[in-house]
2 protein chains.
Amino acid sequence: MKINIIGNGNVATHLGKALWGKADVNNVNSRTLENLNVDADISIISVSDNAIEEVADRIPPMPGIVAHTSGSVPMDILKGKHERCGVFYPLQTFSKDVELDYAKIPFFIEASDSLSEKKLLELAESISCNVRLANSEERKALHIASVFACNFTNHLWHISDTLLKENGFTFGMILPLLEETLRKVSAVSPFEAQTGPARRNDTKVTEAHSRLLSAHPQYQEIYNLLTTSISNSYKCHQ
Amino acid sequence: MKINIIGNGNVATHLGKALWGKADVNNVNSRTLENLNVDADISIISVSDNAIEEVADRIPPMPGIVAHTSGSVPMDILKGKHERCGVFYPLQTFSKDVELDYAKIPFFIEASDSLSEKKLLELAESISCNVRLANSEERKALHIASVFACNFTNHLWHISDTLLKENGFTFGMILPLLEETLRKVSAVSPFEAQTGPARRNDTKVTEAHSRLLSAHPQYQEIYNLLTTSISNSYKCHQ
């Protein structure tokens, strides 16, 4: 297969590496479109969400498929401009210079027609053991779920880091606890894995914690809301 | 060293296993105090937070140290009842039947006097490579930090799990992403590791997400608050 990868960000770089040797890969500059192979089977636009439409507009009509890699941008943005189009969405966070086990990364595919779908599935399956279809609505749900699971989680770790530092501790001290917390949810559901004072509805502890956070009104608000949400989740199950 | 471990919960069980062969360990029933060695160097009360005081009251005065293992209970609760007392707090979440690498678990020690401190440090260092002192105030901060980092994180994973299931996906699909998110914060600070639409201040995406959560008002409120908190964190740094 002949593939254009349009863009130079982390996703584009990792896709290029993952496909290296499995397809005939062209790295295309998203501004100049230099190096674009107009005979490619698949052209993957891997740029920031806001730039996708503009890049798609500049790509000339081609016989191959034009796809993007975004979780939150609908496929429709490519339709009209490109007859055969699709989405090639890897559910992973990519960092520069960090090797990943691509076989484990889930890929979610959407396509304008069954032939394009088959081609995009084939390409994803050449990288990953974990490929399935997801339409634009489902992909949006996946994206929200990953915002909760990763972006928000990371922010809570930042809050934790801040509180630790204020007391002369380091975030490194809490890493074994984080590792074990993550290990648990690969064995049982997060609902079953929940521990802590909010789960036990131990208001003596949660109220004391909340008071101690008065120097950080935003953290206090987050503490109170998440404590209430945890308590509510288990109320219906007692 | 002769050690009483009073209690049968997960912490008590794991401490017993970790100390096995390194000290002369007695497993004591917290209700009957059967098997209590009154000549022990250290008696560790490892029961639920609300039960610590009551168990401490029933233990007869002894020449050895009486300590508890709780993050949120002050040492003072043992004072008056027991001349030599302390805290032996492992910062980890313990599950039944899950083996842990005890050497990595951070232990935080507090004691009523320097001799007891020395003994408790010695005991912790026989298990772990990561032992330090923390007074009751510092331990409370550690506990709040771990609530944010683990209990709240786990709840966000539960929300993520719920949203995934509603759309025909499974939580397992997001695990590679969680693993990579955790790996990142062992390399760079959570503040630097932050990604996602809130960090980019991409209000088009965050407002669309928020609208899509209208069927779950509690999740929507959490989404909005954490999005605002992330945006605020980076506003001052732009």
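All values derive from a computational prediction rather than experimental measurement.

What to know about the interface of chain A and chain B
- Between chain A and chain B, the residue contacts involve 85 residues of the former and 86 residues of the latter.
- Summing both sides of the interface, chain A and chain B together bury roughly 8,000 Å²; the carbon and sulfur share of this comes to 71%.
- Our enumeration of links across chain A and chain B arrives at zero salt bridges.
- Between chain A and chain B we count 26 residue pairs in polar contact (both at pLDDT 80 or more) in total.
- Of all the elements in the fold, those that place two or more residues in the side of chain A that touches chain B are α4 (136–166), α5 (175–185), α6 (190–193), α7 (203–212) and α8 (217–235) of chain A.
- The leading source of residues in the side of chain A that touches chain B is α4(A), at 26 residues.
- Across the side of chain A that touches chain B, the residue classes break down as 44 nonpolar, 27 polar and 14 charged.

Notes on the pairing of strand β3 (residues 42–45) of chain B
- Neither face of β3(B) is open: one carries B:Ile42 and B:Ile44, the other B:Ser43 and B:Ile45, and all of them are buried.
- In the classification by handedness, the crossover that spans β3(B), the intervening helix α2 (residues 52–58) of chain B and the parallel strand β4 (residues 65–68) of chain B is right-handed.

Examining α8(A)
- Compared with the 27 Å implied by 1.5 Å per residue over 19 residues, the 27 Å span of α8(A) between its first and last C-alpha is a close match.
- Residues of α8(A) that are buried: A:Tyr219, A:Ile222, A:Tyr223, A:Leu225, A:Leu226, A:Thr227, A:Ser229, A:Ile230, A:Ser231, A:Ser233 and A:Tyr234.
- Buried-residue contacts for α8(A) involve α4, α6 and α7 of chain A together with α4 (136–166) and α8 (217–235) of chain B.

Description of the nonpolar core
- A:Phe148 and B:Phe148 are the most contacted members of the largest nonpolar core, which totals 108 residues.
- Ignoring anything within four residues of it in the chain, the contact list for B:Phe148 reads A:Leu156, A:Ile159, A:Ser160, A:Leu163, A:Leu213, A:Tyr219, A:Ile222, A:Tyr223 and B:Thr153.

Quick notes on the relation of the copies chain A and chain B
- Placing chain A over chain B gives an RMSD of 0.0 Å and needs a rotation angle of 180°, together with 0.0 Å of translation along the axis. Both chain copies can therefore be described as sitting about a two-fold axis. Across chain A, the smallest distance between a C-alpha and the rotation axis is recorded for A:Thr153, namely 2.6 Å.

Side note on the packing of α4(A) against α8(B)
- Between α4(A) and α8(B), whose axes approach to 11 Å, the crossing angle comes to 50°. Judged by the inter-axis angle, α4(A) sits oblique to α8(B). Here the hand of the crossing between α4(A) and α8(B) comes out left-handed. For the pair α4(A) and α8(B), the contacting residues are A:Val147, A:Phe148, A:Asn151, A:Phe152, A:His155, A:Leu156 and A:His158 in the first and B:Tyr219, B:Ile222, B:Tyr223, B:Leu226, B:Thr227, B:Ser229, B:Ile230 and B:Ser233 in the second.

Topic: the pattern of salt bridges
All names here are of chain A.
- Under the criterion given, the structure shown has 18 salt bridges over all chains.
- Notably, a salt bridge pairs Lys-81 with Glu-53, separated by 3.2 Å at the nearest N-O pair. Remark: Glu-53 occurs in helix α2 (residues 52–58) and Lys-81 occurs in the loop between β4 (65–68) and β5 (85–90); sequence separation between them is 28 residues.
- Residues joined by salt bridges that share partners form a network here, namely Glu-53, Asp-57 and Lys-81.

Rules behind the numbers
Residues numbered from 1 in each chain as written. Chains lettered and ligands numbered in written order. Predicted model: local features only at pLDDT ≥ 70, side-chain atom pairs only at ≥ 80, totals over all residues. Heavy atoms only, no water. Contact = heavy atoms within 4.5 Å. Buried area = accessible area lost by both parts, 1.4 Å probe. Salt bridge = Lys/Arg side-chain N within 4 Å of Asp/Glu carboxyl O. Polar contact = N/O pair within 3.5 Å; in protein donor to acceptor, adjacent residues only side chain to side chain. Helix = DSSP H or I, 4+ residues; strand = E, 2+ residues; numbered from the N terminus. Nonpolar A, V, L, I, M, F, W, Y, C, P; charged D, E, K, R; others polar. Buried < 20%, exposed > 50% of the residue type's maximum accessible area, 1.4 Å probe, protein only. Right-handed = clockwise from strand over helix to strand, strands pointing away. Expected span 1.5 Å × (residues − 1). Core = buried A, V, L, I, M, F, W, Y, C linked by side-chain atoms within 4.5 Å. Least-squares fit on C-alpha atoms with pLDDT ≥ 70 in both. Axes fitted to C-alpha atoms, helices over the stretch in contact; angles between N-to-C directions. Parallel < 35°, antiparallel > 145°, perpendicular 65-115°, else oblique. Left-handed = near helix turned anticlockwise from the far one by under 90°.

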